[in-house]
Amino acid sequence: MPKSTNKTRKIYMDYASSVRANPSSIHREGVKAHAKLEDARGVVARALFARSEEIIFTSGGTESNNLAIQGVVLAWQGKGIPHIITTNIEHPSVLETFKLLAKRKLALISIISVEANGIIDPEKIKKEIKKNTALISVHYANNEIGTIQPIREIAKVIRHYKKHNKRNNIFFHTDAVQAANYLDLNVEKLGVDMLTLSGSKIEGATPKDGQAGR
């Protein structure tokens, strides 16, 4: 086992054995657990060039993708049915969530086909944006065919549309679970509003350790 993996596992096991209280509790052990949780939140935020209050811990990538997608759709309530866009090679936690929202008539969806090389053409996304588009979700890296999507270029398309149509309520989400350790995760450079990661892909806890995975 690599040294980095050993070190990460030791840190996790130290936390798991010494921090057993509810971090939302106000007793001494709860306050201690809360401090550890916030320390971890800060570490993740610095790695992503984000703010600590923007980091939300979940059980894994699937829950995170659902939180991002369904969260935007629910926030749209009262403003009509939102339109959401994704590609045809996303992880099932994205694609199936899109289809379920459409089936329940909670969202109108556009699933755009990638090109023959497995890359999405940003211009195709541009053509699909509508007045009620609320969310665009595109995989950063695909674990099955190895393609890396042009996230920065897609972000530019979205910014251009928002600027010229005076809109600020289109959110850009990327599932970056497979990109960690390999690609730049600076959210400012990428131009994304929401980014999904999973500890199980970056030497974090595995399901065997008692934490949910993908």
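Nothing here was measured: the structure is a model prediction, and the numbers come from that model. Residue numbering note: each chain is counted from 1, following its sequence as written. Note on the predicted model: pLDDT of at least 70 is required for a residue's local features to be given, and 80 or more for side-chain atom pairs to be given and counted; whole-chain, interface and lining totals, by contrast, use all residues. Hydrogens are left out, water is left out, and the side-chain values use all remaining heavy atoms of the structure.

Some words on the pairing of strand S2 (residues 108-112)
- For strand S1 (residues 83-87) and S2, the ladder comprises five bridges, and the chain directions are parallel. Paired with His-83 across the bridge in S2 is Leu-108.
- Orient the strands so they point away from the viewer; a crossover is then right-handed if the path from the first strand over the helix to the second runs clockwise. In DSSP terms, a helix is any run of H or I states spanning at least four residues, a strand is any run of E spanning at least two, and both are numbered starting from the N terminus. Running through helix H4 (residues 92-103), the crossover from S1 to the neighbouring parallel element S2 is right-handed. Pairing between strands is defined by DSSP: at least two bridges between them are needed.

Remarks on the packing of aromatic side chains
- Working definition: a ring pair exists when centres of Phe, Tyr or Trp rings (six-membered ring for Trp) sit within 6.5 Å. Plane angles under 30 degrees give stacked, over 60 give edge-to-face, the rest tilted. Throughout the structure, instances matching the rule amount to zero aromatic pairs.
- The residue whose ring lies beneath Lys-79 is Trp-76, and the NZ or CZ to ring-centre distance is 4.7 Å. We count a charge as sitting over a ring when the NZ of a lysine or the CZ of an arginine lies within 6 Å of the ring centre and within 35 degrees of the ring normal.

Side note on H4
- By definition here, a helix of n residues has an expected span of 1.5 Å times n minus one. In this model, H4 (twelve residues) spans 16 Å end to end at C-alpha, consistent with the 16 Å of a helix rising 1.5 Å per residue.
- Here H4 has its buried residues at Ser-93, Val-94, Leu-95, Thr-97, Phe-98 and Leu-101.
- Every residue pair with non-hydrogen atoms within 4.5 Å of one another is taken to be in contact. Close packing links the buried residues of H4 with helix H3 (61-75), S1, S2 and strand S3 (133-137).
- One or two steps after H4, the chain reaches Lys-105, where phi turns positive at roughly 60°. Note on classification: 1.4 Å probe, protein chains only; a residue is buried when its accessible area is under 20% of the maximum for its type, exposed when over 50%, partly exposed between these limits.

Section: the side chain of Arg-41
- On the secondary structure map, Arg-41 appears in helix H2 (residues 28-48).
- A relative accessible area of 15% means that Arg-41 is categorised as buried.
- Setting aside its immediate chain neighbours within four residues, Arg-41 contacts Ser-52, Ile-55, Ile-56 and Phe-57.

What about the packing of H3 against H4?
- Axis definition: a line fit to C-alpha positions, over the contact stretch in the case of helices; interaxial angles, taken between N-to-C directions, run 0 to 180 degrees. One can describe the packing of H3 onto H4 by two numbers: an axis separation of 9 Å at closest approach and a directional angle of 30°. Regarding H3 and H4, the two cross each other, and that crossing is right-handed. Touching Thr-62, Asn-65, Asn-66, Ile-69, Gln-70 and Val-73 of H3 are Ser-93, Val-94, Thr-97, Phe-98 and Leu-101, all from H4.
- As a working rule, the residues Ala, Val, Leu, Ile, Met, Phe, Trp, Tyr, Cys and Pro are called nonpolar, Asp, Glu, Lys and Arg charged, and the rest polar, with Gly in that last group. Along the lines of polarity and charge, the residues of the contact of H3 with H4 split into five nonpolar, six polar and no charged. Helix crossings are classified by the rotation of the near helix relative to the far one: an anticlockwise turn of less than a right angle makes the crossing left-handed, while a clockwise turn makes it right-handed.

Regarding the pattern of salt bridges
- The term salt bridge refers to a pairing of a side-chain nitrogen on Lys or Arg with a carboxyl oxygen on Asp or Glu at a separation within 4 Å. Following the criterion strictly, the structure yields six salt bridges and no others.
- Residue Arg-41 is joined to Glu-38 by a salt bridge in which the shortest nitrogen-to-oxygen separation is 3.1 Å. Linking Arg-41 with Glu-38, this pair stays in helix H2, spanning three residues, or about one helical turn.
- In this structure, Glu-53 and Arg-51 form a salt bridge, with 3.3 Å as the shortest nitrogen-oxygen distance.
- Judged by its relative accessible area of 59%, Glu-53 is exposed.

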